[in-house]
Amino acid sequence: MKEQTEVGKLKEGRYVVVEDEPCKIVSIATSKPGKHGAAKSRIDCIGIFDGVKRSIVQPVSAKTYVPIVERKMAQVISIAGTTLQLMDVKDFEMFELTVAEEQASGLEPGQEIPYISSMAKKKLE
């Protein structure tokens, strides 16, 4: 899920969709309007799920998409290597996540952990 907003209303620390990937904004640089054009914003951001650095340059009045990022809790059902089977505590949805080995080693079945969900993707916080 995502909603539309103007580039000029974005702030550092918020989220934006770049190349169909939800990203956290690291920095915003806005240029002054020139003789023949509008002010432009350069937005540098990092992907929430893949960690890839991206940047976009758009006019301040242009429209862009902002992802809806939800923080939720899940209960660990089982652990198989680096694959976790989790159940959302509110709607009882079952899903699997692949995590790093050091993250999986500190978990045990029955434990409740926070996770992030946005645009049909999930990851541990």
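Because the structure is a prediction, the values reported are computed rather than measured.

## Quick notes on the nonpolar core
And then number 1: Ala-74, Val-76, Leu-84, Leu-86, Phe-95, Leu-97, Val-99, Ala-104, Leu-107, Ile-113, Tyr-115 and Leu-124 together form the largest nonpolar core, which totals 12 residues.
And then number 2: Counting residues per element, the ones that place at least two in this core are strand 7 (70-80), strand 8 (83-88), strand 9 (94-98) and strand 10 (112-118).
And then number 3: Sequence-distant contacts of Tyr-115, defined by excluding residues within four places in its chain, comprise Glu-70, Arg-71, Lys-72, Met-73, Ala-74, Asp-88, Phe-95, Lys-122, Lys-123, Leu-124 and Glu-125.
And then number 4: Of all hydrophobic cores here, the second largest spans 10 residues; its members include Ile-25, Ile-43, Cys-45 and Ile-56.

## Side note on the sheet that holds strand 3 (residues 21-30)
And then number 1: A sheet is described by the order of its strands in space; here 4 strands give the open sequence 2-3-4-5, paired in antiparallel fashion. Each of the sheet's edge strands pairs with one partner strand only, and the pair in question is strand 2 (15-18) and strand 5 (53-59). This sheet shows a mean twist of 45° between the axes of neighbouring strands, independent of strand direction.
And then number 2: The sheet contact formed by strand 3 and strand 4 (residues 40-47) spans 7 bridges and is antiparallel. Residue pairing for strand 4: Ala-29 is matched across the bridge by Arg-42.

## A look at the UniProt feature "modified residue: Hypusine" (unreviewed entry) in the protein
And then number 1: As annotated by UniProt and renumbered to match this structure, "modified residue: Hypusine" (unreviewed entry) occupies Lys-35.
And then number 2: Mapping Lys-35 onto the fold places it in the loop between strand 3 and strand 4.

## Describing the sheet that holds strand 10
In sheet architecture, strand pairing relies on hydrogen bonds along the backbone and comes in two forms, parallel and antiparallel.
And then number 1: Taken in spatial order, the 5 strands line up as 9-8-7-10-11 in an open sheet, and their pairing is antiparallel. At either margin of the open sheet sits one strand with a lone partner, and together these are strand 9 and strand 11 (121-124). Neighbouring strand axes in the sheet, compared pairwise and without regard to direction, differ in orientation by 45° on average.
And then number 2: Direction of pairing for strand 7 relative to strand 10: antiparallel, over a ladder of 6 bridges. Among the inter-strand pairings, Ala-74 is bridged to a residue of strand 10, identified as Ile-113.

## Remarks on the pairing of strand 10
And then number 1: Among the 7 residues of strand 10, 5 are classified as buried, and the element is accordingly described as predominantly covered.
And then number 2: Looking at chain direction, strand 10 and strand 11 are connected through 4 bridges and run antiparallel. Pairing of Tyr-115 across the sheet is with Leu-124, part of strand 11.
And then number 3: Linkage of strand 10 to strand 11, two consecutive antiparallel strands, is achieved through a turn of 2 residues, within which Met-119 is found at a positive phi near 50°.

About the criteria used
Every chain's residues receive numbers from 1 upward, in the order its sequence appears when written. Totals for whole chains, interfaces and linings use all residues, but because this is a predicted model, local features are given only for residues with pLDDT of at least 70 and pairs of side-chain atoms are given and counted only at 80 or more. Water and hydrogen atoms play no part in the side-chain values, which are based on all heavy atoms of the structure. Note on terminology: a nonpolar core comprises buried Ala, Val, Leu, Ile, Met, Phe, Trp, Tyr and Cys residues joined through side-chain atoms within 4.5 Å. For each residue, the accessible area found with a 1.4 Å probe, counting protein chains only, is set against the maximum for its type, and the residue is called buried under 20%, exposed over 50%, and partly exposed in between. Numbering goes from the N terminus for both helices and strands, where a helix is a DSSP run of H or I of at least four residues and a strand is a run of E of at least two. What makes two residues a contact is simply this: any of their non-hydrogen atoms within 4.5 Å. Note on pairing: two strands pair once DSSP finds at least 2 bridges between them. Here, axes are lines fitted to C-alpha atoms. For helices the fit covers the stretch in contact, and angles between N-to-C directions go from 0 to 180 degrees. UniProt positions are given in the numbering used here, feature names are shortened, and annotations may be inferred rather than shown by experiment.

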